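Chain and residue survey
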Amino acid sequence: MSNKPLNGWNHTPDVPIQVSPVFRWPPRPAQVVQWFWGSWFLVSEKLIILGLACISYIWFQPSLEVTQTLAFGWVFELWLRNMVLMSLVAGGLHLYFYSYSAQGDKLKYDPRPLMKNGRQFTLGGQIRDNMFWTLASGVGFWTAYEVLMFWCLSNGHVPMLTWAANPVWFIAIFFLMPAWESFYFYWVHRILHIPFLYKHVHSLHHRNINVGPWSGLSMHPVEHIMYLGTVLIHFVIGAHPLHILFHLQYYTLTAASTHTGFEGMLVKDENRLKLGTFHHQMHHRYFECNYGSLEMPWDKLFGSFHDGTQEADARIKERRKKMQA
């Protein structure tokens with residue numbers, strides 16, 4: 001069986017899909033540099049989120065003196081900021097790709113439209129259902145984690161990291177967070193696929209076989225607690241408020257951007273902003289594969305990697321039969 005792309009998709013990238021060149025052998029330094037530059041600089045999700053975190057910190061973040069004492073005022077301000085951010089990012093992407101169909105089906109993975117009706121959705125339609133769980137639960141727990149972290153940072157329960165004390169480590173943490181995200185997301189995701197947790201918790205997210213921007217953070221409240229718990233690493237690894245803002249905004253806002261259902265945003269027929277990967281899109285259709293991201297090779301190490309080829313599809317189906325036997 002040859003490495004041919006899968007049938008049933010509107011768009012597939014070049015296959016077989018590759019993980020980050022950092023983890024390929026033999027080493028190819030030029031590819032590593034190119035990948036690192038492309039994933040961080042010019043126009044990238046990471047750089048945009050870092051910009052949003054900086055704006056949030058400079059203009060919309062209460063001081064550590066204020067967050068030292070729990071009070072409705074500053075907690076509400078954080079919740080309102082997060083509601084606006086999620087509405088602008090997820091709502092803006094939905095308007096661009098679906099309401100206005102700004103690039104039609106170009107780079108769209110699944111040929112089917114989002115479901116306007118469906119009995120599996122709590123509120124009937126996919127979009128309404130996704131918006132409810134994203135805004136009512138997702139933004140709520142996102143804010144709750146911010147409140148916890150800023151209160152703990154203000155009161156000395158989380159070690160403070162400042163630019164003045166350690167500028168190199170201050171910058172390095174931003175580049176290391178996506179690696180931690182890849183590690184954390186893979187293992188939490190595998191836990192969520194344990195049958196009991198899948199049935200009672202994670203299946204809510206998997207209602208979205210064909211995903212849209214509002215699907216990314218559409219989760220059960222228990223999954224929001226687990227998913228956003230990534231930020232608790234800063235009880236061990238010191239942080240500045242800017243690191244916490246970036247960490248949680250990266251985890252929440254890229255959930256929307258990576259679930260657009262499109263590989264990227266076209267400008268003059270060129271993919272200028274990479275968004276959702278085919279790797280994760282296949283997880284939503286085939287379920288028992290691609291639990292992690294392409295940043296680190298966890299799926300390859302543990303036999304759950306689907307590289308987008310017909311050969312890999314047959315291998316994953318055989319693996320699923322053995323798991324169900």
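Structure's up top.
Residues numbered from 1 in each chain as written. Predicted model: local features only at pLDDT ≥ 70, side-chain atom pairs only at ≥ 80, totals over all residues. Heavy atoms only, no water.

**Things to note about helix α6 (residues 167-192)**
Between its first and last C-alpha, α6 extends 37 Å over 26 residues, near the 38 Å set by a 1.5 Å rise per residue. The sharpest bend along α6 reaches about 35° and sits at phenylalanine 175, with the proline proline 178 one to four residues further on. (Helix = DSSP H or I, 4+ residues; strand = E, 2+ residues; numbered from the N terminus. Expected span 1.5 Å × (residues − 1). Bend = angle between axes of the 7 residues up to and from the residue.)

**Things to note about the pattern of salt bridges**
Evaluated as defined, the whole model comprises seven salt bridges. Arginine 207 is the salt-bridge partner of aspartate 129, the closest N and O atoms lying 3.1 Å from each other. Taken as a pair, aspartate 129 in helix α5 (residues 126-154) and arginine 207 in the loop between α7 (195-200) and α8 (221-228) lie far apart in primary sequence, 78 residues in all. Here aspartate 129 falls in the buried class, since its relative accessible area comes to 0%. (Salt bridge = Lys/Arg side-chain N within 4 Å of Asp/Glu carboxyl O. Buried < 20%, exposed > 50% of the residue type's maximum accessible area, 1.4 Å probe, protein only.)

**Structural notes on the side chain of glutamate 45**
Summarising the element assignment, glutamate 45 is placed in helix α2 (residues 45-60). Buried charged residue glutamate 45 carries no salt bridge. Nearest counter-charge: lysine 46, at 6.1 Å. Setting aside chain neighbours within four positions, we find glutamate 45 in contact with Thr254, Ser257, Thr258, Leu273, Lys274 and Leu275. (Lys, Arg positive; Asp, Glu negative; His and termini not counted. Contact = heavy atoms within 4.5 Å.)

**A word on the packing of aromatic side chains**
Applying the stated criterion across every chain yields a total of 33 aromatic pairs. When the centroid spacing of 6.0 Å and the interplanar angle of 65° are considered together, the rings of tryptophan 187 and tryptophan 298 count as edge-to-face. Highlighted residues: tryptophan 187 in helix α6 and tryptophan 298 in helix α11 (residues 298-301), separated in sequence by 111 residues. Judged by relative accessible area, tryptophan 187 falls into the partly exposed class, the value being 34%. The interplanar angle of 20° and the centroid separation of 6.4 Å between the aromatic rings of tryptophan 298 and phenylalanine 302 together place this pair among those described as stacked. Classification of tryptophan 298 as buried rests on a relative accessible area of 16%. (Phe/Tyr/Trp six-rings, centres within 6.5 Å; stacked < 30°, edge-to-face > 60°.)

**Points about helix α1 (residues 29-40)**
In this model, α1 (12 residues) spans 17 Å end to end at C-alpha, consistent with the 16 Å of a helix rising 1.5 Å per residue. Downstream of α1 by a residue or two, leucine 42 has a phi angle that is positive, lying close to 60°.

**Some thoughts on the nonpolar core**
Membership of the largest hydrophobic core comes to 47 residues, with the highest contact counts inside it found for Met86, Trp142, Tyr227, Ile244 and Phe246. Those elements giving two or more residues to this core turn out to be α2, α4 (72-99), α5, α6, α8 and α9 (241-257). Looking at which element gives the most residues to this core, the answer is α9, with 10 residues. Setting aside its immediate chain neighbours within four residues, tryptophan 142 contacts Asn82, Leu85, Met86, Leu228, Leu248, Gln249, Thr252 and Leu253. Within the second largest apolar cluster, 12 residues are counted, among which are Leu6, Trp9, Phe278 and Cys289. (Core = buried A, V, L, I, M, F, W, Y, C linked by side-chain atoms within 4.5 Å.)

**Observations concerning the environment of lysine 106**
Of note, lysine 106 is situated in the loop between α4 and α5. Given the relative accessible area of 47%, lysine 106 is considered partly exposed. Filtering out sequence-adjacent residues up to four positions away, lysine 106 remains in contact with Phe262, Leu266 and Asp269.

**Remarks on the pairing of strand β1 (residues 264-267)**
Along any regular strand, the residues point their side chains to alternate faces of the sheet. With four bridges connecting them, β1 and strand β2 (residues 270-274) associate as antiparallel partners. By the bridge assignment, methionine 265 is partnered in β2 with leucine 273. In this structure, the hairpin formed by β1 and β2 is closed by a connection of two residues, where lysine 268 is found at a positive phi of approximately 55°. (Pairing = 2+ DSSP bridges.)

**Observations concerning a nonpolar patch on the surface**
Judged by side-chain polarity, Leu148, Trp169, Leu176, Leu232, Phe235, Val236 and Ile237 come together as a nonpolar surface patch covering roughly 590 Å² of accessible area. Within the fold, isoleucine 237 resides in the loop between α8 and α9. Its relative accessible area of 32% is what places isoleucine 237 among the partly exposed residues. (Patch = residues over 30% accessible without salt bridge, like charges linked within 9 Å, V, L, I, M, F, W, Y side chains within 5 Å. Areas by Shrake-Rupley, 256 points an atom, 1.4 Å probe, with all protein chains shown as cover.)

**Side note on the packing of α4 against α9**
Following both chains from N to C, one finds α4 and α9 inclined at 30°, their axes separated by 9 Å at the closest point. Compared by their axis directions, α4 and α9 come out roughly parallel. Of the two possible hands of crossing, α4 and α9 adopt the one that is right-handed. Seen from α4, the contacting residues are Arg81, Leu85, Met86, Val89, Ala90 and Leu93; seen from α9, they are Leu245, Gln249, Thr252, Leu253, Ala256 and Ser257. (Axes fitted to C-alpha atoms, helices over the stretch in contact; angles between N-to-C directions. Parallel < 35°, antiparallel > 145°, perpendicular 65-115°, else oblique. Left-handed = near helix turned anticlockwise from the far one by under 90°.)

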